[in-house]
Amino acid sequence: MRIFVARLPGTPVFDPAGDQIGRVRDVVVALRGRVPPPVHGFVVEVQPRRRVFLPITRVRSIEAGSLIFSGAINMRRFELRATETLVIGEMLDLEVEVSGETGGKRMRVHDLAMEQVRPSDWQLTKVAVIKAGRGFRRRGETRVLDWHEVAGFGVIQADQDAAALIAAFESLRAADLASALHSLPDKRRSEVALALDDERLADVLEEMPERDQIDIVGRLSPERAADVLEAMDPDDAADLLQDLPGHQAEALLALMEPSEAAPLRRLLTYDENTAGGMMTSEPVIFPPTATVADALAHIRQRDLTPSIAAQVYVTRPPTETPSGTYLGVAHFQRLLRDPPSTLLGRVLDESVDPIRPEFVLSEVAVALANYNLMAVPVVDELGRLLGAVTVDDVLDHLLPADWRERGGGIHRG
C-alpha cells in the first residue's frame, strides 16, 4: 500500500469508537541516508489547536480519506526530537540531487510516498521530483523515484522553495494554516509565509500569535507589508500596527493608500481594550432606500465572516464610516423572511442600542450578551456609525494573550 504524504494534511483521525478526534497535520520520520527512513508516526491536531503524536504502531488503517487508530493516544503536546524530521514541514520543496539516468541533475521534491512493508511498519520509499525552479514556475513532468536514487535530504538550504508545501496546505482554513505555520521551524515558516499571495497571507496573519505576526511582517519588504496590511480586516491590521515599533508602524501607514490608511489611523486613536479599539470599521452598511435583495446579495460574498454578515447596518448617507446618522440594524434572519423588494428602512430592529467607542471590554461583552448579538454597532456623539464590534473580537480580548500558541506548538513530552 502506497500513500503520497502531501495528500494527508487535513485527513480526519478516528478513535476505535469511530469518533473523530482530530486531523493529520504532518508525518514524522527518521532520516538514515540512502536507506528508506522509517515512519515514526503522525502529528495530529486535536482541539483546541493542540498537536499530539500518534505512533505508527497505533494506526489500524489509512484509507478512504480517513485514519483510524487503536488503543489510546497520548494527549501531551508533540515535540520533534533531534533524530526526527517532519516530512511536510521540512522535506517538501527541498532541492535534491538525482542519480542514475538523470546524470546527477538537481531536482525539487514535489511529494514523498510512504509504504507499509510489514504490519505497523511503514517507510518512505518513493520521492516525486520535478525540475528545480522558483515558485510555481516549474518545468517538466513529475518523476517518481526510489528513495536510494535521491540525495540531499537532511541538508539545510538557505533558499528552500515553498510551492509544494503551500499546495499541501491549500485546502486548510486560514486558522488551521496559521496553526500549521506556527508549528514549523522559524526558517521554514518564513519561507512559506513569504510565498503566500497577499490575500492568503493577510487571512493567515489575522489568525497568528502576535510574535509570529511581528516576525513575518519584519521579513517582508516595506512595500509588500503595506499591501498585506491593506488586505487585512482593519481591526486586525490596527492591532498588528499597535504591536510594532512606532516608527515602523508610521512608515507602513505612509506606504498604504490614503483611503486604506485613514480608517487604521482612526482605530489607532482608541485604547485596544475599548469598543473603538476592537471594532471593525468595515461593517455592512446600506441606506434605508436599499432593498432586502441588495443586502442579501452583498452578505452572500464569501470574504465576509459570519459575524459581519449576520446583520446589515442602516444609516443615512454617506454609508462609509464614519457614516451618516445611524438608523438601526437589519438582521439576516429578518432579511430572509421579507420579500426581496422590501426597503431596508422597513425591516429595522430599533431595539438594539448602539454603544460608544469608549465602552470598555466588559461593557461591550454585556451589550452582546443582552441582545444575543453576533455584533454590536458603535456610534459617536453625533450618532454616526463608526464600526461594529463582533463577538470574535471580544473573545480575542477575553482569552489569554497566548491562547493561539497554547495548542499550536510542536512539543512532545
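To be clear, the structure that these remarks concern was listed above.
Attention in this report is confined to the structure presented alongside it. (Residues numbered from 1 in each chain as written. Predicted model: local features only at pLDDT ≥ 70, side-chain atom pairs only at ≥ 80, totals over all residues. Heavy atoms only, no water.)

1. Points about the packing of aromatic side chains
- According to the stated counting rule, one finds two aromatic pairs in the structure shown.
- Each ring, one from Phe 53 and one from Phe 78, has its centre 5.9 Å from the other, and the planes form 20°; the classification is stacked. With Phe 53 in strand β5 (residues 50–55) and Phe 78 in strand β8 (residues 78–79), this residue pair connects regions lying 25 residues apart in the sequence. Exposure class is identical for Phe 53 and Phe 78. Each is buried.
- Judged by centre distance (4.7 Å) and plane angle (10°), the ring pair of Trp 147 and Phe 153 falls under stacked. For the residue pair Trp 147 and Phe 153, the accessibility class agrees, reading buried in each case. (Phe/Tyr/Trp six-rings, centres within 6.5 Å; stacked < 30°, edge-to-face > 60°. Helix = DSSP H or I, 4+ residues; strand = E, 2+ residues; numbered from the N terminus. Buried < 20%, exposed > 50% of the residue type's maximum accessible area, 1.4 Å probe, protein only.)

2. Side note on the nonpolar core
- One finds Phe 42, Leu 112, Met 114 and Phe 153 to be the most contacted residues of the largest nonpolar core, which totals 102 residues.
- Every residue in contact with Leu 112, bar those within four places of it in the chain, is listed here: Ile 3, Phe 4, Val 5, Val 87, Met 91, Leu 92, Leu 124, Lys 126, Val 127, Trp 147 and Phe 153.
- Val 284, Val 312, Ala 330 and Val 347 belong to the second-largest nonpolar core, a separate cluster that totals 16 residues. (Core = buried A, V, L, I, M, F, W, Y, C linked by side-chain atoms within 4.5 Å. Contact = heavy atoms within 4.5 Å.)

3. Description of the sheet that holds strand β16 (residues 311–315)
- Strand order in the open sheet formed by three strands is β15-β16-β17, with mixed pairing between adjacent strands. Two strands in the sheet have a free side with no partner beyond their single neighbour: β15 (285–286) and β17 (326–331). (Pairing = 2+ DSSP bridges.)

4. Regarding the environment of Ala 226
- Along the polypeptide, Ala 226 turns up in helix α7 (residues 222–231).
- Each C-alpha atom, one on Ala 226 and one on Ala 330, is 34 Å from the other, the two residues being 104 residues apart in sequence.

5. Comments concerning helix α15 (residues 361–371)
- Residues of α15 that are buried: Leu 361, Val 364, Ala 367 and Leu 368. One face of α15 carries all of its buried residues, which in axial projection span an arc of 125°. For α15, the exposed residues lying more than 90 degrees away from the buried face are Ala 369 and Asn 370.
- Contact partners of the buried residues in α15: α11 (275–278), β18 (375–379), β19 (385–390) and α16 (391–398).
- A positive phi of about 55° marks Asn 372, the residue just after α15. (Arc of directions from axis to C-beta.)

6. Some details on the side chain of Thr 390
- Mapped onto the elements of the fold, Thr 390 is located in strand β19.
- Here Thr 390 falls in the buried class, since its relative accessible area comes to 2%.
- Here Asp 392 takes part through its side chain, which lies 2.7 Å from a polar atom of the side chain of Thr 390.
- Separated by 2.8 Å, the side chains of Thr 390 and Asp 393 make a polar contact.
- For Thr 390, the residues in contact, after removing those within four places along its chain, are Ser 307, Ile 308, Leu 368, Met 374 and Ala 375. (Polar contact = N/O pair within 3.5 Å; in protein donor to acceptor, adjacent residues only side chain to side chain.)

7. Some thoughts on the packing of α15 against α16
- Packing of α15 against α16 leaves a shortest axis separation of 10 Å and a crossing angle of 140°. As the angle between them shows, α15 and α16 are arranged oblique. Relative to α16, the crossing made by α15 is left-handed. Counted together, Leu 361, Val 364, Ala 365 and Leu 368 of α15 and Val 391, Val 394, His 397 and Leu 398 of α16 form the full contact between these two elements. (Axes fitted to C-alpha atoms, helices over the stretch in contact; angles between N-to-C directions. Parallel < 35°, antiparallel > 145°, perpendicular 65-115°, else oblique. Left-handed = near helix turned anticlockwise from the far one by under 90°.)

8. Comments concerning a negative patch on the surface
- On the surface, Glu 223, Asp 227, Glu 257, Glu 260, Glu 282 and Glu 320 cluster together into a negatively charged patch.
- With relative accessibility at 46%, the residue Glu 282 sits in the partly exposed group. (Patch = residues over 30% accessible without salt bridge, like charges linked within 9 Å, V, L, I, M, F, W, Y side chains within 5 Å. Areas by Shrake-Rupley, 256 points an atom, 1.4 Å probe, with all protein chains shown as cover. Salt bridge = Lys/Arg side-chain N within 4 Å of Asp/Glu carboxyl O. Lys, Arg positive; Asp, Glu negative; His and termini not counted. Charge placed at Lys NZ, Arg CZ, Asp CG, Glu CD.)

9. A few points about the pattern of salt bridges
- By the definition in use, this model includes 22 salt bridges.
- Here Asp 146 and Lys 126 are joined by a salt bridge, their closest N and O atoms 2.3 Å apart. Of this pair, Asp 146 sits in strand β13 (residues 143–146) while Lys 126 sits in strand β12 (residues 121–131), and the two are 20 residues apart along the sequence.

10. Re the pairing of strand β4 (residues 39–46)
- The buried count for β4 comes to seven of eight residues, which makes it a mostly enclosed element.
- Relative to β4, strand β3 (residues 20–29) is paired through six bridges, and the arrangement is antiparallel. Each residue of the ladder has a partner; that of Asp 26, found in β4, is Val 43.
- Sheet topology places β4 next to β5; six bridges connect them, and they run antiparallel. Paired with Val 44 across the strands is Val 52, a residue of β5.
- Turn length for the β4-β5 hairpin, with the two strands adjacent in sequence and antiparallel, is three residues, and the turn residue Arg 49 shows positive phi of about 55°.

11. A word on the environment of Thr 325
- Relative to the helices and strands, Thr 325 is located in the loop between β16 and β17.
- On the basis of relative accessible area, Thr 325 is assigned to the partly exposed category, the value being 42%.
- Separated by 60 residues in the primary sequence, Thr 325 and Leu 385 have C-alpha atoms spaced 6.9 Å apart.

12. Considerations on the pairing of β12
- Where burial is concerned, most of β12 is hidden: 10 out of the 11 residues are buried.
- Here 10 bridges tie strand β11 (residues 105–118) to β12, and the two strands are oriented antiparallel to one another. Looking at the pairing, Val 109 lines up with Val 129 of β12.
- Linking two consecutive strands that pair antiparallel, namely β11 and β12, is a turn of two residues; a positive phi of about 60° is found at Ser 120 within it.
- For β12 and β13, the ladder comprises four bridges, and the chain directions are antiparallel.

Take it as geometry only, folks, not as evidence of what the structure does.
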